[in-house]
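Now for the letters of each chain:
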Amino acid sequence: RLQSDNMKNKFNHTDIVRNREDAINEKVKLLHGSIFGKPLIKFDINSMRDVWVPYCYLVYHFELSGNTRVKTKKSLRDGKVAIVFDLNEEHPMQYDIYENGDLDFVHKKACEDREMIHTAMSSSDTMERAEQHIQMRIMKRFYGKKGNLTLLSMQRFYRPAVELEVIYKRGSINKRYA
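Residues numbered from 1 in each chain as written. Predicted model: local features only at pLDDT ≥ 70, side-chain atom pairs only at ≥ 80, totals over all residues. Heavy atoms only, no water.

Draft legend 1. A look at the overall build of the chain. When its secondary structure is counted, the chain shows four helices and ten strands. Going from the N terminus to the C terminus, the chain shows its helices and strands as α-β-α-β-β-β-β-β-α-β-β-α-β-β. Classification of the 178 residues of the chain by burial places 32% in the buried group. Long-range contacts, defined as pairs at least 24 residues apart, comprise 72% of the intrachain contacts of the chain with a sequence gap of at least 6. Carbon and sulfur atoms make up 48% of the accessible area of the chain, which totals about 12,400 Å². (Helix = DSSP H or I, 4+ residues; strand = E, 2+ residues; numbered from the N terminus. Buried < 20%, exposed > 50% of the residue type's maximum accessible area, 1.4 Å probe, protein only. Contact = heavy atoms within 4.5 Å. Areas by Shrake-Rupley, 256 points an atom, 1.4 Å probe, with all protein chains shown as cover.)

Draft legend 2. Focus on the pairing of strand β4 (residues 43–64). One ladder, built from 20 bridges, connects β4 with strand β9 (residues 148–168); its direction is antiparallel. Within β9, the residue paired with D50 across the bridge is V162. Two strands pair when backbone bridges link them, and β4 and strand β8 (residues 115–116) are joined in this way by two bridges, in the parallel orientation. The partner of W52 across the bridge, within β8, is M116. (Pairing = 2+ DSSP bridges.)

Draft legend 3. Inspection of the confidence of the model for the chain at higher detail. In this model, the chain carries a mean pLDDT of 80, and residues with pLDDT of at least 70 account for 87%. In the model of the chain, helix α1 (residues 2–9) stands out as the element of lowest mean pLDDT, 46, in contrast to β9, which has the highest, 89. Per-residue pLDDT stays below 50 along residues 1–7; that stretch engages in two contacts with residues further than four places along the chain or on separate chains. (pLDDT = per-residue confidence, 0-100.)

Draft legend 4. The arrangement of a nonpolar patch on the surface in detail. Where nonpolar side chains cluster on the molecular surface, the patch consists of I35, F36, L40 and I41 and spans about 470 Å² of accessible area. Assignment of secondary structure puts F36 in the loop between β2 (34–35) and β3 (38–39). Taking the relative accessible area as the measure of exposure, F36 reaches 82% and is therefore exposed. (Patch = residues over 30% accessible without salt bridge, like charges linked within 9 Å, V, L, I, M, F, W, Y side chains within 5 Å. Salt bridge = Lys/Arg side-chain N within 4 Å of Asp/Glu carboxyl O.)

Draft legend 5. Molecular detail of the packing of aromatic side chains. Per the counting criterion, the structure on display carries five aromatic pairs. Between Y55 and F157, the ring centres sit 5.6 Å apart and the planes meet at 15°, which makes this aromatic pair stacked. Note that Y55 is positioned in strand β4 and F157 in strand β9, a separation of 102 residues in sequence. The class for Y55 is buried, based on a relative accessible area of 9%. Ring centres of Y57 and Y95 lie 5.8 Å apart, and the angle between their planes is 85°; on these two criteria the pair is classed as edge-to-face. Here the residue Y57 occupies a position in strand β4, and Y95 occupies one in strand β6 (residues 91–95), the gap between them amounting to 38 residues. Grouping residues by exposure puts Y57 and Y95 together as buried. The structure contains a cluster of three or more aromatic residues connected by ring pairs, namely Y55, Y57, Y95, F105 and F157. (Phe/Tyr/Trp six-rings, centres within 6.5 Å; stacked < 30°, edge-to-face > 60°.)

Draft legend 6. Quick peek at the nonpolar core. Judged by nonpolar contacts, the single largest core of 14 residues is most densely connected at L58, F85 and I134. Breaking this core down by element, the ones donating at least two residues are β4, β5 (77–86) and α4 (123–143). Setting aside its immediate chain neighbours within four residues, F85 contacts P54, Y55, C56, L58, E90, H91, P92, M121, T126, R129 and A130. Counting 13 residues, the second largest nonpolar core, distinct from the first, contains V51, A82, I97 and A161. (Core = buried A, V, L, I, M, F, W, Y, C linked by side-chain atoms within 4.5 Å.)

Draft legend 7. Up close: the environment of L58. By the secondary structure assignment, L58 is in strand β4. Judged by relative accessible area, L58 falls into the buried class, the value being 0%. With 23 residues separating them along the chain, L58 and V81 place their C-alpha atoms 8.5 Å apart. With near-sequence residues (within four places) excluded, L58 lies in contact with V81, A82, I83, F85, T126, M127, A130, L151, S153 and M154.

Below you can see the structure in the form of structure tokens.
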């Protein structure tokens, strides 16, 4: 409980890069889809609210060793790989740390202007799924084998978003974030 109160008092978030109306219009356009300019999917928006969506930024150092028959102290390849983990939808995404640099965070003292979405994922679950993603989607795909991973940093942060409650034609309700 003390940690929860501390999070409400001070937390990190990404900067707001788009105004609310543009973000909503772009998300609605993306959800509709189109073929020759005609929308494919029909839906209504029931409600909208401003929220903070939880994420986790993980940076790992990786090493790939060469042939295992010949033991050498030097690794074949090494470097850094970064993952941004969406804690709300529970899925990882690769972040290109070499091209974009580290994520910039804004430190905020209170979250009174938006409602904070809480997550049930623990730090150990987040790390386990991020490492699995790195091994299968990055190491095996690009290098053909698994590498040795070492966690360099782990930072929880929030992204400002607008939660849209979408009601589709058949009555199913889904929440989307713009």
